[in-house]
Amino acid sequence: MTDLPPGAPTPWAAPPAGAVTVYRGATLFDGTGGPLRPNTTIVTDGARLRTVTDDGDPLPPHAAGAPQVDLDGRFVVPGLIDTHQHLATPPDRPAAEAVLRRLVYSGVTAVRDMADDLRHVGDLARATLVGEIPGPDIRYAALMAGPTFFDDPRTHEVTRGAAAGAVPWMQAITPGTDLPIAVALARGTHAAAIKVYADLDAATVAAVTAEAHRQGIAVWAHATVFPAMPGEVVAAGVDSVSHVTLLAFEVPTEPLTSYKTKPPVDHDRFAAGDEPHLAALFAEMRRRGTVLDATASMWTSGELRGDTAESAERAARNAELAAAVTAQAYGAGVDVCTGTDHETDPGDPFPALYGELAFLVDRCGIPAGDVLRSATLVGARAAGTEADTGTVEPGKLADFAVLEENPLHDIGNLRTITLTVRRGRRFDRAEFEKDAR
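Residues numbered from 1 in each chain as written. Predicted model: local features only at pLDDT ≥ 70, side-chain atom pairs only at ≥ 80, totals over all residues. Heavy atoms only, no water.

Things to note about the packing of aromatic side chains
Filter applied, for reference: Any pair of Phe, Tyr and Trp rings, taking the six-membered ring for Trp, is counted once the centres come within 6.5 Å. Such a pair is stacked with planes under 30 degrees apart, edge-to-face with planes over 60 apart, and tilted for the rest. Only runs of H or I of at least four residues qualify as helices and only runs of E of at least two qualify as strands under DSSP, and these elements are numbered from the N terminus. Buried, partly exposed and exposed residues are distinguished by accessible area as a fraction of the type maximum, computed with a 1.4 Å probe on protein chains only: under 20%, between the cut-offs, and over 50%, respectively. Lysine and arginine charges are scored as sitting over a ring when NZ or CZ, respectively, is within 6 Å of the ring centre and within 35 degrees of the ring normal.
Scanning the model with the defined rule gives ten aromatic pairs in all. Note on Tyr-105 and Phe-427: the rings are 5.4 Å apart at their centroids and 90° apart in plane angle, and the pair reads as edge-to-face. A residue pair is termed long-range when its members are at least 10 positions apart, and Tyr-105 in helix H1 (residues 93-105) and Phe-427 in strand S18 (residues 425-428) qualify at 322 residues. Comparing Tyr-105 with Phe-427 shows no difference in burial state: the two are buried. An aromatic cluster is present here, built from Phe-149, Phe-150, Tyr-197, Phe-226, Phe-249 and Tyr-259 joined pairwise through their rings. Here the guanidinium or amino end of Lys-262 rests over the ring plane of Tyr-259, the centre of that ring lying 3.7 Å away. Between the NZ or CZ atom of Arg-425 and the centre of the ring of Phe-427, over which it lies, the distance is 4.8 Å.

Here it is in structure tokens:
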């Protein structure tokens with residue numbers, strides 16, 4: 001943790017309003033759905049984007065005499081968003097700070113933390129926001145689940161000193177729960193959403209969602225909540241669903257009972273990418289605007305591949321399932337965002353998010369431009385920050401990444417990043433690489 005004396009400047013803070021910088025010569029992918037914009041000028045003012053215009057246009061009066069950065073044709077994309085991070089399960093402040101630092105120097109300007117020890121996550125969010133430590137903005141969720149879930153050892157890791165299921169950031173929901181109080185307690189953690197996790201029936205998921213929305217807070221749910229099925233979760237009105245492989249339980253091989261007793265999945269049923277029950281589900285998701293937080297590449301991680309032939313085979317089959325179902329969802333017009341639910345090794349120079357984007361292109365057949373939209377504008381929708389982030393437009397936060405090579409030609413060109421601008425503050429990739437050596 002960075003220890004700063006009282007009143008000390010915060011070295012990674014956003015510049016103040018009135019601190020103007022002019023970036024000239026950008027080839028801009030602005031995230032709005034339009035084509036690349038060559039020869040573009042971007043003007044930032046403090047933490048905000050003030051002007052986005054052609055290089056040949058005169059600078060606005062407020063930019064007269066401001067410092068200029070010549071991007072020389074480099075490619076600019078909106079700041080990337082990882083919509084499924086876990087920064088404190090279990091809490092480890094140095095490890096979390098290292099992850100956050102690598103993320104922001106890799107063009108990631110926002111993350112969704114999907115329920116952890118919010119005593120730690122809340123302080124990490126504060127520290128990145130005010131600039132005590134380098135990192136993206138953090139939006140986080142408080143968790144709700146049925147009481148039978150709370151013998152999971154992870155719930156005890158994130159509630160040490162208290163009782164799992166009986167703290168505001170991790171609550172057991174029963175028929176006797178006073179939902180207005182439960183949601184208010186969750187909101188009191190400064191959470192942006194409630195994560196509905198496991199062991200709740202459809203009626204309870206719907207009741208939690210209705211009360212959360214009444215109190216102005218989003219609901220981010222597992223795609224299957226056991227026994228609540230995907231269609232029931234979507235019908236409850238949740239804002240996003242996580243883990244594309246859980247959508248297979250829309251067609252269960254056995255009745256769903258609990259998170260710990262999942263029935264086997266008939267993988268072959270989904271291989272062709274045209275499963276009719278999922279087609280109906282995706283039509284409803286599109287109608288409602290439910291975002292799919294696919295975490296499609298998570299089964300390629302070393303942790304899930306494991307170290308046995310059996311675990312590797314299981315991971316490979318689930319990766320194939322993830323690719324087929326994600327492709328079907330995309331083809332049906334469902335908004336897919338880019339979450340990871342894992343991270344690369346600490347020595348890797350780039351985050352797992354790059355692998356998720358590559359998986360969506362290479363394994364799911366989604367065009368690179370649409371994958372970038374998933375990682376920016378759709379991610380902002382999933383996080384509830386579309387008014388401020390997700391595109392490079394005047395009035396939004398000055399969040400963008402600068403690349404040497406065109407990511408629309410090859411999504412792997414994200415690795416040519418040279419600069420991140422997050423809330424107007426520059427993070428030069430060369431600084432990160434120098435410190436890593």
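Now that the structure has been shown, we can carry on.
Brief notes about the nonpolar core
What counts is decided by this rule: Note on terminology: a nonpolar core comprises buried Ala, Val, Leu, Ile, Met, Phe, Trp, Tyr and Cys residues joined through side-chain atoms within 4.5 Å. Contacts were defined at the residue level, with two residues in contact if any of their heavy atoms lie within 4.5 Å.
One finds Ile-138, Ile-194, Val-196, Leu-247 and Leu-292 to be the most contacted residues of the largest nonpolar core, which totals 102 residues. Among the elements that take part in this core, helix H9 (residues 309-331) stands out by supplying seven residues, more than any other. For Ile-138, the contacting residues outside a window of four places in its chain are Leu-87, Leu-100, Val-111, Asp-113, Val-121, Leu-124, Ala-125 and Thr-128.

Regarding the pairing of strand S17 (residues 417-422)
Heads up, the rule is: Here, any two strands with at least 2 DSSP bridges between them count as paired.
Within S17, five of the six residues are buried, leaving the element largely enclosed by the surrounding structure. Bridge count for S17 against S18 is four bridges, and the pairing is antiparallel. When the bridges of S18 are listed, Thr-420 appears paired with Phe-427. Two successive antiparallel strands, S17 and S18, enclose a turn made up of two residues, where Arg-423 displays a positive phi of approximately 50°.

A look at the packing of helix H7 (residues 276-288) against H9
Helix packing for two helices is described by the angle between their axes and how far apart those axes are. Keep this limit in mind: In this analysis, axes come from line fits to C-alpha atoms, helices being fitted only over the stretch in contact, and the angle between any two N-to-C directions falls in the range 0 to 180 degrees. Should an angle fall under 35 degrees it is taken as roughly parallel, and over 145 as roughly antiparallel, whereas 65 to 115 is taken as roughly perpendicular and any remaining angle as oblique. When the near helix sits turned anticlockwise from the far one by under a right angle, the crossing is termed left-handed; a clockwise turn instead gives a right-handed crossing. Under the scheme applied, nonpolar residues are Ala, Val, Leu, Ile, Met, Phe, Trp, Tyr, Cys and Pro; charged residues are Asp, Glu, Lys and Arg; polar residues are all the others, including Gly.
Relative to each other, H7 and H9 sit at 45°, their axes nearing to 9 Å. Between H7 and H9, the crossing angle belongs to the class labelled oblique. As H7 packs across H9, the resulting crossing turns out to be right-handed. Residues Leu-278, Ala-279 and Phe-282 of H7 lie in contact with H9, whose contacting residues are Val-325, Gln-328 and Ala-329. The residue inventory of the contact of H7 with H9, partitioned by class, reads five nonpolar, one polar and no charged.

Topic: unusual backbone geometry
The residue after Thr-89, namely Pro-90, is reached through a cis peptide bond having omega -10°. One can find Pro-90 in the loop between strand S6 (80-85) and H1. A cis amide bond links Phe-226 with the next residue in sequence, Pro-227, at an omega value of 15°. A positive phi angle, near 90°, is found at Ala-115, a position not held by glycine.

With respect to the side chain of Ser-311
Note the cut-off: Polar contacts, as counted here, are pairs of nitrogen or oxygen atoms within 3.5 Å of one another; within protein the pair requires one atom able to donate a hydrogen and one able to accept it, and residues that are adjacent in sequence qualify only if both atoms are side-chain atoms.
Structurally, Ser-311 can be placed in helix H9. Within polar-contact distance, the side chain of Ser-311 engages the backbone oxygen of Arg-305 at 2.6 Å. One polar contact links Ser-311 to Thr-308, side chain to side chain, over a distance of 3.0 Å.

As for the packing of H1 against helix H2 (residues 118-130)
For the pair H1 and H2, the least separation of the axes is 12 Å and the interaxial angle reads 40°. Between H1 and H2, the interaxial angle falls into the category oblique. H2 is crossed by H1, and the crossing has right-handed handedness. In contact with Arg-93, Ala-96, Glu-97 and Leu-100 of H1, H2 contributes Asp-123, Leu-124, Ala-127 and Thr-128. Its residues assigned to classes, the contact of H1 with H2 comprises four nonpolar, one polar and three charged.

Observations regarding the pairing of strand S7 (residues 108-113)
What counts here: Here a crossover is taken to be right-handed if, once the strands point away from the viewer, the path from the first strand over the helix to the second is traced clockwise.
In terms of burial, S7 is largely enclosed, as six of its six residues are buried. Pairing geometry for S6 and S7, over four bridges, is parallel. Residue Asp-82 lies in a different strand from S7, and its bridge partner there is Val-111. Handedness of the crossover is the feature at issue here: the chain leaves S6, passes through H1, returns alongside S7, and the resulting connection is right-handed. Bridge count for S7 against strand S8 (residues 137-145) is four bridges, and the pairing is parallel. Among the inter-strand pairings, Arg-112 is bridged to a residue of S8, identified as Arg-139.

Let's talk about the environment of Ile-181
Take Ile-181: it is sitting in helix H4 (residues 179-187). In this structure Ile-181 comes out as partly exposed when scored by relative accessible area, which is 48%. Separated by 68 residues in the primary sequence, Ile-181 and Phe-249 have C-alpha atoms spaced 32 Å apart.

Points about the environment of His-86
With respect to the secondary-structure elements, His-86 resides in the loop between S6 and H1. The partly exposed category is assigned to His-86, whose relative accessible area is 32%. Each C-alpha atom, one on His-86 and one on Asp-117, is 9.4 Å from the other, the two residues being 31 residues apart in sequence. In contact with His-86, other than residues within four places in its own chain, are Asp-113, Met-114, Ala-115, Asp-116, Lys-195 and Asp-341. At 3.3 Å, the side chain of His-86 and the backbone oxygen of Ala-115 are in polar contact.

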